Structures are given as C-alpha cells and as structure tokens.
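Observations on the model geometry
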Amino acid sequence: MEGDQEKTLAEIRARVKGLLVDNLALQDIQAEDIRDDEILFGEEGLGLDSLDAVEIVVLLQRNFGLEMKDIDQGKKIFYSVDTLARYIYENRKSNTSKEQS
Amino acid sequence: MNIAGIGTICTRGRGIESFAHALQQGWKAPQFISLQSLPDKSFPVYPLNQESLMDKAVLGKMRRADRFSRMAALAAWDAVQDSGMALDGEHTMGIIVASAFGPHTTTFRFLDDILDYGEANVSPTAFSHSVHNTAASYIASLLDIRGPTITVSQFAFPFHQAILLAQAWLDEKRCDYVLVGSADESGRVMEYICSQKLRIADDGQIQPFHFSAAPKAVPGEGSVFFLMTSREDGRKYGELSEVALSSHRNEEEDKPDICILEADGMAGDETGYRDAVVPGAFAAGYSPLFGSMLTGSGFQCAAAALMLKEQIRYACPVQDNPGRVNICTVTETAEIHSIHCIRYHCGQKKAVIKLRR
C-alpha cells in the first residue's frame, strides 16, 4: 500500500512540475530540473510571487477540482512541490473515501 | 519633431542595424505554413524569429510578458539605446503604442479559458495581458518611465494617430521625449483571419507597384519604436515634420525626393497609390521585407529615416513594375532632403508622413 502511495505521489509531483513550467512562464526551467523539495516562493527556490500563487489556485481548481479558500492553509500547502503534491493526494484520497462510503 | 533613436524587430531580426542590413540585402522568401483549419493549403507568413525575442538582459523582469509585449518592449528599449542619449529623471518621457490588433493571441486564449473553465477559473495573467495597454505598461516598467502612457488602437492609421499625439505632447511641453511606436503580431488567429479575408500572395511576394484594386498580402509581424524629441541634439535621423491625414494638398508645392508607398495588400484597394507618386520623385515600397501589417507604416518610416541619415537610396525589394513608375532599382548613395511615406486605407483615406533631413 505504501508503495502505491509513493508511486501516486511521484506521479502527482511530476504533473505539478509540468503544470508549473507550462503555466507560470518559468524561464529556462524544465520540469525535471525542479526538485521535489524545491521551495516555491521567496528568494530561494523557484522565487514565485503572489500572482503565481493565484495562478496555482486556478491550476488546482482546473486540474484537480480542488478549491483553496483558506490563505493560512495555503502557506503550508504551497511551501514546496512535495507539500503541494501531498495536499492534492490527501484531498483526492478523502474524496475517494467519501465516494466509497 | 526630431528622431533621436529607432528600434526595430521583425522577421529580419532585431535592431535598426539589422533592418538596414535587410534593406541592403533585399527580398527573402517568407515561411510557408499550414493552418490547422486549412491543412492542405500552404500559407506564406513573415514571422518573428524566436531567437530575436531572447534577451535575458532586457526581458529578465518580464517573465510573464506575452509575445506582443516582448516585441514592443525590445523595440522600445533599442530605440532608447540607439539614441545614445542619457535619459535621466530630469526629463519627462511619454510612451505611445500603436496597434491594430493588440495582443490578440492572449486575448483569444483568455476568451477560450472562460469558455473551457468558466469565469471563476481563468488565469489572472491571461486576464491582465489581454488588454491592449499591457505592452505600454511593460515598457514603462522596463525603462522606468513615469510620463504619460497610452495605446492607440485603430485599423486605418494607428501609427499616424500615435505620431500626431506625440507631436501634441511635445508641442504643449507635456513631455521632453516621446517613445512612440507600433506593434502587431501574427498568431494563429490572425493567420486564419488573413487566409479567410485577404487575398494571399501564393508566391510569397507583396507587389507594392501593381496598384491593384484587389492586392495580395503576406502577413507579417513586428514592432518599431522611435524616440522623438523637440530638442535639437536629438536629430540623429532627421526630422519628422508633418503628418497629414486625408490630405488633398497639392504635392507639387512640397515635392519630396522619394515617395514611399506603403502598399502591402493588407488594407484593400491600392489603386490610389498610382496618383500618389509625385512626378520627378523616386517611388519605393519596402513592405516585402517585413510583411503586411496595418501598422507597417512604422517600418516604412524607419526605412525613410535610415535613408535620410545614411544618404542612401535603398533598392525596392520587389521590383515588378507594370505601371512603369520611377522606382528605386539599385541601392546607391544619393542626396536626399525629404521623403514622404504615403498610406491609403481602403482606396480612399490617405495619410502622409513627411520626413526631412
């Protein structure tokens, strides 16, 4: 089961990286150049800004059907590619559980 | 109004030197592409070379900028650099961008997003870039310009209207300098529209001297900017002395050395150009170098300014001349005092930009 989770997470991380590169006009950066623990905002890492955060909210809605309404929650979720992928995974999972129950 | 600097970017490269080189080299065949909607038909177009838009030093702060804003910003930047003038905070500079279609690629992407994802899920970047004034904003940010900024959008004479406004700003001393230019892009939407609405030159050649009632076009794209000033030390390329719209004046009173005919097939009926040639003056037309654009006047004006500065009469890139007008057939040094750039729109309305040494 843990292996399945890690495999799914890896797929989501790869998809998130691709979406970031395609939609945020990240110059000279390929999806494979982005590390899983790459910090998204601030001077370190990718150096994204507030407008990018809004773009990511739109991307989550478009591609994963996830709404992001709590800004404080968003700070933790948007910390890195990995935290973003885990948020997507967990919310997908809870959605799936709800559907199953 | 003196021309202190020029920046150009088009299919033949970036910078006024590359434009001068293109004038020296002459005609080159356009690219032939297929449209998704017309896969069996070959379609000529003069697109910008993608490498021309790669300049980290200039565009580093423009990560989100689309193609339209990038080409305008590079041309504007180059015009200031070309002037060699130190533009400090003491002088006021204005920006006027002329465009017929604006950033239509982004605008249509934004509209597609609304259709595909709904109003709540459109990209904020696409939204903010879908308006015509975005390029002017980027230029202001890039060059730290804090004077008045405006975008003129029109089909008939956008560049001419922009020049008239620049002259007004300088006359009323609202600005010491005005960065005035034009930009239009040739995206897939534009290529489709051209294929449906225009007669396309299947051989890839625009014919400026056919004076046809149904001319043929080869869509192009690019941007050209001029740094204008009333200051005498800003007379690098001579003077743009007047813009006359819908003029019926007797050209004999103000006889130029060269009449540049802006015939490119984009604005329909070109029969009026036959009467626009002033007897005794040379005729020229350089649209085959950069393609058909409703804002192509900027490039013709840049060619005129170069000729006045260098005192060179550039050969017409396409010389098919059934009407036997006195066209420039060879590139040669010449004494040139004044040039008129003449544009007709739909065979009736006329605009003349007058430049002198």
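Scroll up to find the structure.
Before going further, it helps to spend a moment on the overall build of chain B. Looking only at helices and strands, chain B has eleven helices and 15 strands in total. Taken against the 2.2 N^0.38 rule, which gives 21 Å for 357 residues, the C-alpha radius of gyration of chain B at 19 Å falls within 12% of a compact globule. A total of 357 residues make up chain B; the buried ones form 61% of that total. Restricting to contacts in chain B with at least 6 residues of sequence separation, those with at least 24 account for 77%.

Moving on, we come to the pattern of salt bridges. Any two side chains of opposite charge can pair, on the condition that their charged atoms come close. Residues and elements named next belong to chain A. Applying the stated criterion across every chain, the model contains 25 salt bridges over all chains. For Arg-13, the salt bridge identified is with Asp-36, shortest N-O distance 3.9 Å. Of this pair, Arg-13 sits in helix α1 (residues 2-23) while Asp-36 sits in the loop between α1 and α2 (50-64); the two residues are 23 residues apart in sequence, bridging distant segments of the chain. Classification of Arg-13 as buried rests on a relative accessible area of 7%. Classification of Asp-36 by relative accessible area gives partly exposed; the value is 33%. Connected through shared salt-bridge partners, Glu-6, Arg-13, Lys-17, Asp-36, Asp-82 and Arg-86 make up one network.

With that out of the way, let us pick up the side chain of Ser-99 of chain B. Assignment of secondary structure puts Ser-99 of chain B in strand β5 (residues 93-99). Here Ser-99 of chain B is in contact with Phe-68, Val-152, Ser-153, Gln-154, Pro-158, Ala-183, Asp-184 and Thr-295 of chain B, once residues within four sequence places are set aside.

The subject of this paragraph is the pairing of strand β7 (residues 177-184) of chain B. A regular strand carries its side chains on alternate faces of the sheet. All names here are of chain B. Of all eight residues in β7, eight are buried, a share of seventy percent or more. Of the two faces of β7, both are covered, the one formed by Tyr-177, Leu-179, Gly-181 and Ala-183 as well as the one formed by Val-178, Val-180, Ser-182 and Asp-184. Taken together, the six bridges between β5 and β7 define a ladder with parallel strand orientation. Bridge assignment links Ile-96 to a residue of β7, and that residue is Val-180. Sheet topology note: the β7/strand β8 (residues 222-229) ladder contains eight bridges and is antiparallel. For Asp-184, the partnering residue across the bridge sits in β8 and is Gly-222.

Moving on: the packing of helix α3 (residues 67-83) of chain B against helix α6 (residues 134-143) of chain B. Residues and elements named next belong to chain B. Running from amino to carboxyl end, α3 crosses α6 at an angle of 40°, the nearest separation of the two axes being 9 Å. Taken together, the axes of α3 and α6 lie oblique to each other. The handedness of the crossing between α3 and α6 is right-handed. Within the contact between the two elements, α3 uses Phe-68, Ser-69, Ala-72, Ala-73, Ala-76, Trp-77 and Val-80 and α6 uses Thr-134, Ala-135, Tyr-138, Ile-139, Leu-142 and Leu-143.

Our focus in this paragraph is the environment of Arg-63 of chain B. Along the chain, Arg-63 of chain B falls in the loop between α2 (56-59) and α3. The contacts of Arg-63 of chain B, once residues within four sequence positions are left out, are Leu-24, Ala-25, Leu-26, Gln-27, Asp-49 and Asp-52 of chain A together with Arg-70 of chain B. Here Leu-24 of chain A takes part through its backbone oxygen, which lies 2.6 Å from a polar atom of the side chain of Arg-63 of chain B.

Residues and elements named next belong to chain B. In this structure the tally under the stated criterion is zero disulfides over all chains. Counting only cysteine sulfurs, Cys-301 is the nearest neighbor of Cys-175, a cysteine outside any disulfide, at a range of 19 Å. Looking at Cys-328, it has no disulfide partner, and the nearest cysteine sulfur is the one in Cys-316, 5.0 Å off. Assessed through its relative accessible area of 1%, Cys-328 is described here as buried.

Attention now moves to the nonpolar core. Side chains of a nonpolar character, in soluble globular proteins, are inclined to be buried together. Residues and elements named next belong to chain B. Grouped together as the largest cluster of nonpolar side chains are 68 residues, with contacts concentrated most on Phe-19, Phe-226, Leu-240, Leu-261, Tyr-286 and Leu-355. Counting residues per element, this core draws most heavily on helix α11 (residues 297-310), which supplies nine residues. Contacts of Leu-240, omitting those with residues within four sequence positions, involve Met-1, Ile-3, Ile-163, Gln-167, Met-228, Cys-301, Ile-353, Lys-354 and Leu-355. Judged by nonpolar contacts, the second largest core, of 34 residues, contains Met-71, Ala-79, Ala-136 and Ile-145.

For the rest of this paragraph, the subject is unusual backbone geometry. Unlike most non-glycine residues, Ala-25 of chain A shows phi in positive territory, near 50°. Position of Ala-25 of chain A among the secondary structure elements: in the loop between α1 and α2. Ala-25 of chain A sits in the partly exposed class, given a relative accessible area of 34%. For Phe-211 of chain B, which is not glycine, the phi dihedral falls at a positive 50°. In this fold, Phe-211 of chain B is placed in the loop between α8 (188-197) and β8. Phe-211 of chain B sits in the buried class, given a relative accessible area of 4%.

Bringing helix α1 (residues 16-25) of chain B into the picture now. All names here are of chain B. By the burial criterion, the buried members of α1 are Ile-16, Ser-18, Phe-19, Ala-20, Ala-22 and Leu-23. On its buried face, α1 sits against β1 (2-10), β2 (13-14), α3, α10 (287-290) and α11. Of the residues flanking the end of α1, it is Gly-26, one or two places downstream, whose phi is positive at about 90°.

A word on the interface of chain B and chain A. Chain B puts 14 residues into the contact, and the matching count from chain A is 13 residues. Contact between chain B and chain A buries roughly 1,100 Å² in total, counting both sides, with carbon and sulfur atoms accounting for 42%. Contact with chain A buries area across many residues of chain B, yet Arg-63, Arg-64 and Asn-121 of chain B alone supply 52% of it, more than any other trio. In this structure, the connection of chain B to chain A is made through four salt bridges. Here chain B and chain A share eight residue pairs in polar contact (both at pLDDT 80 or more) between them. Contributing elements (two or more residues each) for the side of chain B that touches chain A: α2, α4 (104-117) and α5 (124-129) of chain B. With three residues, the single largest contributor to the side of chain B that touches chain A is α5 of chain B. Here the residues of the side of chain B that touches chain A sort into five nonpolar, four polar and five charged.

Rules behind the numbers
Residues numbered from 1 in each chain as written. Chains lettered and ligands numbered in written order. Predicted model: local features only at pLDDT ≥ 70, side-chain atom pairs only at ≥ 80, totals over all residues. Heavy atoms only, no water. Helix = DSSP H or I, 4+ residues; strand = E, 2+ residues; numbered from the N terminus. Rg over C-alpha atoms; globule rule 2.2 N^0.38 Å. Buried < 20%, exposed > 50% of the residue type's maximum accessible area, 1.4 Å probe, protein only. Contact = heavy atoms within 4.5 Å. Salt bridge = Lys/Arg side-chain N within 4 Å of Asp/Glu carboxyl O. Pairing = 2+ DSSP bridges. Axes fitted to C-alpha atoms, helices over the stretch in contact; angles between N-to-C directions. Parallel < 35°, antiparallel > 145°, perpendicular 65-115°, else oblique. Left-handed = near helix turned anticlockwise from the far one by under 90°. Polar contact = N/O pair within 3.5 Å; in protein donor to acceptor, adjacent residues only side chain to side chain. Disulfide = S-S within 2.5 Å. Core = buried A, V, L, I, M, F, W, Y, C linked by side-chain atoms within 4.5 Å. Buried area = accessible area lost by both parts, 1.4 Å probe. Nonpolar A, V, L, I, M, F, W, Y, C, P; charged D, E, K, R; others polar.

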